[in-house]
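Residue-level structural notes
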There are 2 protein chains.
Amino acid sequence: MIRAEIITIGDEILYGQITDTNTQWISAELDKIGIRTVRKSSVGDTEEAILQIFNEASQRADLVIVTGGLGPTKDDITKKTFCKYFGSSLEIHPQALIDLTAFFKKRGREVTGLNKGQAELPTNATYIENTMGTAPGMWFEHEGVVYISMPGVPYEMKGLMTLSLLPKIQEHFKTPVIFHKVIRTVGIGESLLAEMIDEWEDALPSHIKLAYLPSMGSVKLRLTGFGDNIDTLEQEVEAEFQKVLPIIQEFVYGFGNDELEEVVGRLLKEKGLTVSVAESCTGGYLGHQFTKVAGSSAYFMGGILSYSNEVKINQLGVKAETLAKFGAVSEETVIEMSENIRKLCNTSFGLATSGIAGPDGGTPDKPVGTIWIAIASEHQTITKKLQLGGFREQNIHLTAINILNLLRKTWL
Amino acid sequence: MIRAEIITIGDEILYGQITDTNTQWISAELDKIGIRTVRKSSVGDTEEAILQIFNEASQRADLVIVTGGLGPTKDDITKKTFCKYFGSSLEIHPQALIDLTAFFKKRGREVTGLNKGQAELPTNATYIENTMGTAPGMWFEHEGVVYISMPGVPYEMKGLMTLSLLPKIQEHFKTPVIFHKVIRTVGIGESLLAEMIDEWEDALPSHIKLAYLPSMGSVKLRLTGFGDNIDTLEQEVEAEFQKVLPIIQEFVYGFGNDELEEVVGRLLKEKGLTVSVAESCTGGYLGHQFTKVAGSSAYFMGGILSYSNEVKINQLGVKAETLAKFGAVSEETVIEMSENIRKLCNTSFGLATSGIAGPDGGTPDKPVGTIWIAIASEHQTITKKLQLGGFREQNIHLTAINILNLLRKTWL
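Throughout this document, residue positions are counted from 1 along each chain, in the order its sequence is written. Going through the entries in the order they are written, you letter the chains from A and number the ligands from 1. Totals for whole chains, interfaces and linings use all residues, but because this is a predicted model, local features are given only for residues with pLDDT of at least 70 and pairs of side-chain atoms are given and counted only at 80 or more. Calculation of side-chain values draws on the structure's entire complement of heavy atoms; hydrogens and water are dropped beforehand.

What follows covers the environment of Glu48(A). Residue position: Glu48(A) is located in helix α3 (residues 47–60). Measuring from C-alpha to C-alpha, the distance between Glu48(A) and Gln17(A) comes to 22 Å, with 31 residues separating the pair along the chain. By the criteria applied, helices consist of DSSP H or I runs no shorter than four residues and strands consist of E runs no shorter than two, each listed in order from the N terminus.

Printed below as a string of structure tokens:
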């Protein structure tokens with residue numbers, strides 16, 4: 001198996017001043033093409049630290065991926081240090097200068113002195129064009145090890161990897177043919193899911209691997225097949241997929257890159273259905289889940305954030321006696337909220353949430369994390385009580401996930 | 001300066017299956033007490049890899065902080081590997097067993113075989129109680145280097161560090177007295193801010209350092225003083241702070257751990273003022289900014305998500321002719337939205353957003369990122385046009401930041 005090491009260069013990441021999202025993304029992409037990351041490291045902007053990690057990494061890995069330290073200022077010493085490490089020197093790369101000049105020209109600017117330095121590359125570098133920024137990517141081969149250098153700006157790095165470097169890595173290392181299938185689940189924890197499918201998992205052929213990728217409220221299962229022939233592999237992975245699907249069907253909401261709010265949105269759009277929301281404890285977060293999806297105006301009409309009882313009564317038309325008798329966090333209240341918002345916005349469905357997100361406001365009867373959700377349709381209103389009890393932001397997030405999934409399972 | 005190295009153990013992080021947020025948090029905390037992180041590494045769950053990184057780290061650092069690999073299952077080999085590295089052995093730690101038993105009892109459970117192993121510690125470990133979970137923290141001293149081991153679960157790790165380990169580190173290493181002052185700004189980029197204050201920055205005494213901590217839409221400035229006497233230091237940092245404040249005053253919204261939505265909420269509460277929102281392009285995100293703050297029901301009454309024109313007209317009372325004549329993304333529309341929501345919800349302020357979040361929907365006149373915001377008060381309504389043009393989620397986030405800041409600057 002090809003072994004990779006990922007190195008991040010920069011004081012800002014080392015001292016915790018900015019978040020490094022590149023390393024996780026790169027290792028996940030390498031994992032998908034069957035390359036094993038064996039070490040991730042972050043070092044500061046000093047020649048000594050960079051040379052030391054290059055030396056160490058070259059002994060452990062076949063592929064060394066380096067991000068950061070390629071800016072135009074004097075703090076950024078990655079290129080100089082590569083030269084020292086390889087025994088090469090910096091020279092203007094003609095194509096890099098042409099691309100850099102074009103990049104600036106497109107934005108109505110000239111290449112100035114400091115920026116012109118970005119077209120200087122170590123003499124042993126293979127130039128990789130960066131269409132999204134001014135620091136080029138570089139590819140080196142040295143004593144049997146491949147080194148890749150990229151800027152640390154996440155979208156520039158992702159552009160370079162996706163467009164140029166991942167295909168080049170696959171070609172260079174003749175990585176095996178890989179086929180992935182991702183199953184996305186919601187409403188079940190990782191360990192329960194693992195128990196449900198452990199017999200199936202144990203019986204998987206050795207060239208098909210399963211990975212659990214959990215996040216808050218959902219778990220992705222990724223099947224990865226390794227082989228020589230893509231068609232055979234696809235059939236084999238598909239066959240395993242067909243075996244496991246019936247076992248976990250009720251928790252599966254999508255595949256591949258599907259997000260729950262996208263799947264729900266797509267189904268609503270396909271069926272010509274619309275939604276509105278009446279949010280109390282989620283306070284806008286549920287609306288945001290719908291509207292962060294591009295094109296959501298096709299099915300999301302709007303809603304009311306009825307945080308106070310006055311807004312529940314005056315704008316949403318919840319009966320004062322319902323609130324007085326059962327409280328804002330009750331099945332009776334969410335039923336009225338969901339039915340009224342559906343009528344007010346003239347939508348296929350009305351979704352309502354009311355609960356105690358915390359940290360305060362809990363009672364022995366209704367502790368923090370007690371949340372009622374309801375969905376009204378033309379002929380029927382369904383409700384569900386959630387007992388969450390986590391931190392405030394978790395309670396809000398999980399409420400949104402739960403009601404989206406309830407809508408999907410019941411009516412989409 | 002004390003040199004630290006942070007090591008994360010676990011295949012899941014190495015292969016990019018889960019996000020590592022611990023490393024950044026730890027290095028930022030160390031930075032605050034004047035300890036310099038010199039390397040961060042992530043290795044897999046193999047004895048060879050762990051021993052190798054321990055050996056390397058002990059040569060570079062005075063303090064080696066290790067997270068992960070402390071679970072009860074056989075994959076988790078950190079403790080065994082520590083024993084091998086130190087030449088010690090695992091033994092039940094009496095106090096650890098007492099605390100573990102109490103932890104389970106509180107949750108109505110018995111300590112079973114697999115979990116009992118969590119009370120086994122290397123014989124040379126100093127036991128550090130973990131009140132939030134079952135895997136104890138550990139402190140080792142070996143050949144002049146301190147090693148700390150903690151579970152990888154973020155809130156358990158943070159609890160251990162904050163309650164026990166950071167004070168113990170400061171005591172052990174006799175770290176210098178440190179005083180921090182954080183200034184939080186919004187509405188100006190890092191490089192413009194740096195230009196504004198560069199004379200002041202250049203004149204800072206050598207024992208007071210400045211760090212820029214940028215995030216989307218805001219920049220924190222952190223002044224850190226190092227010395228012997230906390231009172232003198234506090235005065236010195238405060239004096240520098242008083243010099244810089246007038247230069248950047250208009251961009252300063254808070255200090256320390258203040259978040260913009262918390263500052264706005266606190267000011268509203270103090271002054272007995274209330275808000276409501278009429279959201280089009282932000283689709284609930286602005287409401288979520290208010291309501292994710294605990295206790296926000298004191299000042300956030302509610303609002304209307306008027307995503308469709310029908311909801312703008314029927315629920316919010318925007319005139320159909322305003323929409324027809326000027327469009328939904330116009331100053332005229334957001335003025336009506338903000339004034340109407342203020343009256344409907346009977347609040348001190350009504351906030352409104354309408355814009356083209358993208359990626360679709362832009363026109364030559366109104367490209368993606370064109371956003372109008374308005375705030376209505378009893379006697380006056382103010383508006384602002386934003387020209388953002390980033391990605392959809394950025395446009396939504398920056399719109400919320402802008403309107404919160406406009407409210408703060410104008411009326412709070």
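Every patch collects residues that have over 30% relative accessible area and no salt bridge, joining them within 9 Å if they carry like charges and within 5 Å if they are nonpolar side chains (Val, Leu, Ile, Met, Phe, Trp, Tyr). Working definition of accessibility: Shrake-Rupley area with a 1.4 Å probe, residue cover restricted to the visible protein chains. In what follows, salt bridge is the name for a side-chain nitrogen of Lys or Arg lying within 4 Å of a carboxyl oxygen of Asp or Glu. Together, Phe391(A), Met132(B), Val153(B), Tyr155(B) and Leu163(B) line one region of the surface with nonpolar side chains, adding up to about 500 Å² of accessible area. As for its position among the elements, Tyr155(B) is in helix α7 (residues 154–172).

Residues and elements named next belong to chain B. For helix α10 (residues 230–248), built from 19 residues, the straight-helix expectation of 27 Å at 1.5 Å per residue is met to within 8% by its first-to-last C-alpha distance of 26 Å. For every residue, the accessible area obtained with a 1.4 Å probe (protein chains only) is divided by the maximum for its type, and the residue is called buried under 20%, exposed over 50%, and partly exposed between those limits. All buried positions along α10 are accounted for by Leu233, Val237, Glu240, Phe241, Val244, Leu245 and Ile248. In this analysis, two residues are considered to be in contact whenever any of their non-hydrogen atoms come within 4.5 Å of each other. Turning to α10, the residues buried within the fold contact β9 (177–186), α8 (190–196), α9 (198–202), β10 (208–215), β11 (218–227) and β12 (252–255). Regarding α10, its N-cap is Asn229, as a side-chain oxygen of that residue lies 2.8 Å from the backbone nitrogen of Asp231 further along. Expected helix span is computed as 1.5 Å times (number of residues minus one). Distance and chemistry together define a polar contact, namely a pair of N or O atoms within 3.5 Å, with one atom able to donate a hydrogen and the other to accept it when in protein, and with adjacent residues in sequence counting only for side-chain atoms on both sides.

Okay, the domain arrangement of chain A next. Parsing chain A into structural domains produces domain 1 (3–172), domain 2 (177–255) and domain 3 (260–411). Here the C-alpha centroids of domain 1 of chain A and domain 3 of chain A sit 47 Å apart. Residue ranges for the domains originate in an automatic or database domain assignment.

Our focus in this paragraph is unusual backbone geometry. Residue and element names in this part refer to chain A. Geometrically, the link from Gly358 to Pro359 is a cis peptide bond, its omega value of 0° lying close to zero. Tracing the backbone shows Pro359 in the loop between β15 (349–355) and β16 (370–376). Within the chain, Asn346 stands out as a residue other than glycine whose phi angle is a positive 55°. Among the structural elements, Asn346 can be located in the loop between α15 (331–345) and β15.

Take the side chain of His288(A) next. The topology assignment puts His288(A) in helix α12 (residues 285–291). His288(A) gets classed as buried once you look at its relative accessible area, which sits at 6%.

On to the nonpolar core. The tendency in soluble globular proteins is for nonpolar side chains to be buried as a group. Only buried Ala, Val, Leu, Ile, Met, Phe, Trp, Tyr and Cys residues count toward a nonpolar core, and they belong to the same one when joined by side-chain atoms within 4.5 Å. Counting residues in each nonpolar core, the largest one holds 66 residues, and the members touching the most others are Phe290(A), Leu351(A), Leu407(A), Phe290(B), Leu351(B) and Leu407(B). For Leu407(B), the contacting residues outside a window of four places in its chain are Val264(B), Val275(B), Phe290(B), Phe349(B), Leu351(B), Ile375(B) and Leu412(B). With 32 residues, the next largest nonpolar core counts Trp372(A), Val311(B), Val318(B) and Leu323(B) among its residues.

Residues and elements named next belong to chain B. Taken together, the 4 strands give an open sheet; going across it, the order is β10-β11-β9-β12, and neighbouring strands pair in antiparallel fashion. Edge positions in the sheet fall to β10 and β12, since each has one partner strand and no second. The mean inter-strand angle of the sheet, taken between neighbouring strand axes irrespective of direction, is 25°. We treat two strands as partners when DSSP finds at least two bridges between them. Pairing analysis gives 10 bridges linking β9 to β11, with the strands arranged antiparallel. Within β11, the residue paired with Phe179 across the bridge is Gly225. Axes here refer to lines fitted to C-alpha atoms; in helices the fit is confined to the stretch in contact. Angles between the N-to-C directions go from 0 to 180 degrees.

Here we come to the relation of the copies chain A and chain B. What connects the two chain copies is a rotation about an axis and a shift along it. The copies were overlaid by least squares, fitting only the C-alpha atoms of residues that reach a pLDDT of 70 or more in each copy. At an RMSD of 0.2 Å, chain A and chain B line up after a rotation of 180° and a shift of 0.2 Å along the axis. Such a combination of rotation and displacement between the chain copies is what one expects of a two-fold axis. Counting the interface residues of chain A, we find that 100% of their copies in chain B are interface residues as well, pointing to one common contact surface.

All names here are of chain A. The rule is simple: put a 1 Å grid over the protein atoms alone, call a set of points where a 1.4 Å probe fits but cannot get out a cavity, call an open set with protein on both sides within 12 Å along at least five of seven lines a pocket, and count a residue as lining if it has an atom within 4 Å of a point. Grid points are joined across faces, edges and corners, and a volume is the space filled by probe spheres set on the points. This model, assessed by the stated rule, comprises 1 cavity of 30 Å³ or more. There is about 40 Å³ of room inside the largest cavity. If you go around the largest cavity, the residues you meet are Arg184, Thr185, Leu213, Ser215, Ser218, Val219, Lys220 and Tyr253. Those elements giving two or more residues to the lining of the largest cavity turn out to be β9 (177–186), β10 (208–215) and β11 (218–227). Tallying contributions element by element places β11 first for the lining of the largest cavity, with 3 residues.

All names here are of chain A. Here α15 is 15 residues long and its end C-alpha atoms lie 21 Å apart, about the 21 Å a rise of 1.5 Å per residue gives. What α15 keeps buried is the set Thr333, Val334, Glu336, Met337, Ser338, Asn340, Ile341, Arg342 and Cys345. Looking one or two places after α15, you find Asn346, whose phi comes out positive at around 55°.

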